[in-house]
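Residues per chain, in single letters:
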Amino acid sequence: SYDLRGDSSHTRFGFIADEMAEVLPQVVRQATTGDKRMGIMYQDLVAFLVAMMQDLFADLSSESGRLQAVEQRIQRRKHWRRRARGGGGGQH
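Keep in mind it's a predicted model, so treat the numbers as computed, not measured.

With respect to the packing of aromatic side chains
Scanning the entire structure with this criterion turns up one aromatic pair. Relative to Y42, the ring of F15 has its centre 6.4 Å away and its plane inclined at 25 degrees; by these criteria the two rings are stacked. Of the two residues, F15 sits in the loop between β2 (7–12) and α1 (17–23) while Y42 sits in helix α2 (residues 42–84), which places them 27 residues apart along the sequence. For Y42, a relative accessible area of 38% translates into the label partly exposed.

A word on the nonpolar core
Nonpolar side chains tend to gather and get buried jointly when the protein is soluble and globular. Counting residues in each nonpolar core, the largest one holds seven residues, listed as A17, M20, L24, V27, V28, I40 and L45. Leave out the neighbours within four places in its chain, and I40 touches F15, I16, A17, M20, V27, V28 and L45.

A look at the pattern of salt bridges
Evaluation of the coordinates by the stated rule reveals three salt bridges. In this structure, R66 engages E63 in a salt bridge whose closest nitrogen and oxygen atoms are separated by 3.2 Å. One end of the pair is R66 and the other is E63, both in helix α2 and three residues apart, which spans about a single turn. On the basis of relative accessible area, R66 is assigned to the exposed category, the value being 53%.

Quick notes on the rules
Residues numbered from 1 in each chain as written. Predicted model: local features only at pLDDT ≥ 70, side-chain atom pairs only at ≥ 80, totals over all residues. Heavy atoms only, no water. Phe/Tyr/Trp six-rings, centres within 6.5 Å; stacked < 30°, edge-to-face > 60°. Helix = DSSP H or I, 4+ residues; strand = E, 2+ residues; numbered from the N terminus. Buried < 20%, exposed > 50% of the residue type's maximum accessible area, 1.4 Å probe, protein only. Core = buried A, V, L, I, M, F, W, Y, C linked by side-chain atoms within 4.5 Å. Contact = heavy atoms within 4.5 Å. Salt bridge = Lys/Arg side-chain N within 4 Å of Asp/Glu carboxyl O.

Here it is as structure tokens:
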């Protein structure tokens, strides 16, 4: 966080463009004139983050289905072991 120069009444949150350029150069722009200041294109950053979140949710959804299948196999095997040991709770 930082305080904007001349307006210390509002705390702002942001990133340092030089550091962001090392990690995600696609969202950093540099002025072509003057002191060649760098800036972050936050709309590009938001779009990138949303796309990454969509990918993560898709991966999580896929893994959730796989996890459920594994849990079901574990439960079936536990049931089979109980039946094999005679602890199935009745004759089938």
